[in-house]
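The chain contents come next:
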Amino acid sequence: MTEDSGQWERELVTKLASAALKEQRRARLWGIFFKLLTFAYITLILIMAVDWRGRADLAGGKKHTAMVELNGGIAPGAEASAETMMAALQAAFKDKNTQGVILRINSPGGSPVQSQLIYDEMRRLRKKYPDIPLYAVVEDICASGGYFVAVGADRIYVAKASIVGSIGVLMNGFGFTGLMDKLGVERRLITAGENKGMLDPFSPVDKKDMQHARALIHDVHEQFIGVVREGRGKRLKESPELFSGLIWTGEKSVDLGLADGIGSLESVARDVVKAEDIVDYTQKENVAEKLAKRFGASVGEGAVRALRSMSPIR
């Protein structure tokens, strides 16, 4: 056997041994990965089971006051979207042990469309379940779309310092034409349809566009006023300022007929609904759902890292 052939055999053995070690390492890493994946999956299932069981136990048993929270801006995809609010209200009314429903509001408003959808669902549920009263309890703020929703309740209770009202509609934006002139910037806007560029912030204000926009928000404002009058009825003490967009304290809102009295979630449940036990039906992302999202992202990242570390021998 020549020296060259011996060298070649040693290199071949080294390469084979190295390949075997890499293959073993790859198999071991895959095994660890799938064990962790299985463990995480089982943990997730257990958490979901405990969470759902906890909800079921909470809602069962004796008569109670059902509570649904409306927090933050009312908009599609938000915590206070029509979809989540309607689902929560439906669950609250459907429970056979619900003595009354309280909508706890802390919202500056939002989408008039989403607010209308929630309001309509509240009215529908009251007709479907005539023996279950629906009350709104205001905490810090119940303005604009938040108040739009509130008037769908049988009665509205506020804190003395709550902010209530803002019965109005706005459409806002910015204009940059003066700044563009100073900078020497030219606006080139091409449209199909003479009004397609209406209220473009980089073009001068057109009086016709402004008139149309004012008519548009006037129509929405009239719808808002109609809902308030429908919900509050003769309790309203109408004045020119009532629907002007102004806000008032909770105490003043009672005087104006915008609210019915001073009260909190606990006092209304205890003294008005006569069911001191409160069950929360708010549709919130639970621990299991949060973990599921994070788990999905983590699995994806883990799989990518594992695949990178287990790349074939080149």
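In the block above lies the structure referred to throughout.
### Quick word on the side chain of Ser144
Turning to step 1, where the next piece is worked out: Checked against the element boundaries, Ser144 lands in the loop between β3 (134-143) and α4 (145-150).
Turning to step 2, where the next piece is worked out: What Ser144 contacts, discounting residues up to four positions off in sequence, is Pro108, Gly109, Gly165, Ser166, Gly168 and Phe224.

### Considerations on the environment of Asn106
Turning to step 1, where the next piece is worked out: Checked against the element boundaries, Asn106 lands in strand β2 (residues 98-107).
Turning to step 2, where the next piece is worked out: Taking C-alpha positions, Asn106 is 5.6 Å from Glu139, a pair spaced 33 residues apart along the chain.
Turning to step 3, where the next piece is worked out: The contact partners of Asn106, leaving out residues within four places of it in the chain, are Leu70, Asn71, Gly72, Glu139, Asp140 and Ile141.

### Concerning helix α6 (residues 207-232)
Turning to step 1, where the next piece is worked out: Its 26 residues give α6 an end-to-end C-alpha distance of 37 Å, which sits within 8% of 38 Å, the value for a rise of 1.5 Å per residue.
Turning to step 2, where the next piece is worked out: Every buried residue of α6 is accounted for by Asp209, Ala213, His221, Phe224, Ile225, Val227, Val228, Gly231 and Arg232.
Turning to step 3, where the next piece is worked out: Looking at the packing, one finds that the buried side of α6 touches α3 (112-128), α4 and β4 (155-158).
Turning to step 4, where the next piece is worked out: Backbone geometry just after α6 places Gly233 at a positive phi near 60°.

### Quick word on the packing of aromatic side chains
Turning to step 1, where the next piece is worked out: Enumeration according to the criterion identifies four aromatic pairs in this entry.
Turning to step 2, where the next piece is worked out: Counting every residue linked through ring pairs, the aromatic cluster contains Tyr119, Phe148 and Phe224.

### Concerning the pattern of salt bridges
Two side chains bearing opposite charge may form a pair once their charged atoms approach each other closely.
Turning to step 1, where the next piece is worked out: Under the defined criterion, the tally for this structure stands at nine salt bridges.
Turning to step 2, where the next piece is worked out: Between Arg270 and Asp271 there is a salt bridge, with its nearest N and O atoms 3.1 Å apart.
Turning to step 3, where the next piece is worked out: On the basis of relative accessible area, Asp271 is assigned to the partly exposed category, the value being 42%.

### Comments concerning unusual backbone geometry
Turning to step 1, where the next piece is worked out: In the Ramachandran plot, Ser166 falls in the positive-phi region, its phi being about 60° despite a non-glycine side chain.
Turning to step 2, where the next piece is worked out: Positionally, Ser166 belongs in the loop between β5 (163-165) and α5 (177-183).
Turning to step 3, where the next piece is worked out: Despite not being glycine, Lys274 shows a phi value in the positive range, around 70°.
Turning to step 4, where the next piece is worked out: Examined against the element boundaries, Lys274 turns out to sit in the loop between α8 (265-273) and β8 (278-280).
Turning to step 5, where the next piece is worked out: Note on Lys274: relative accessible area 62%, which makes it exposed.

Each value, and the rule that gives it
- Residues numbered from 1 in each chain as written.
- Predicted model: local features only at pLDDT ≥ 70, side-chain atom pairs only at ≥ 80, totals over all residues.
- Heavy atoms only, no water.
- Helix = DSSP H or I, 4+ residues; strand = E, 2+ residues; numbered from the N terminus.
- Contact = heavy atoms within 4.5 Å.
- Expected span 1.5 Å × (residues − 1).
- Buried < 20%, exposed > 50% of the residue type's maximum accessible area, 1.4 Å probe, protein only.
- Phe/Tyr/Trp six-rings, centres within 6.5 Å; stacked < 30°, edge-to-face > 60°.
- Salt bridge = Lys/Arg side-chain N within 4 Å of Asp/Glu carboxyl O.

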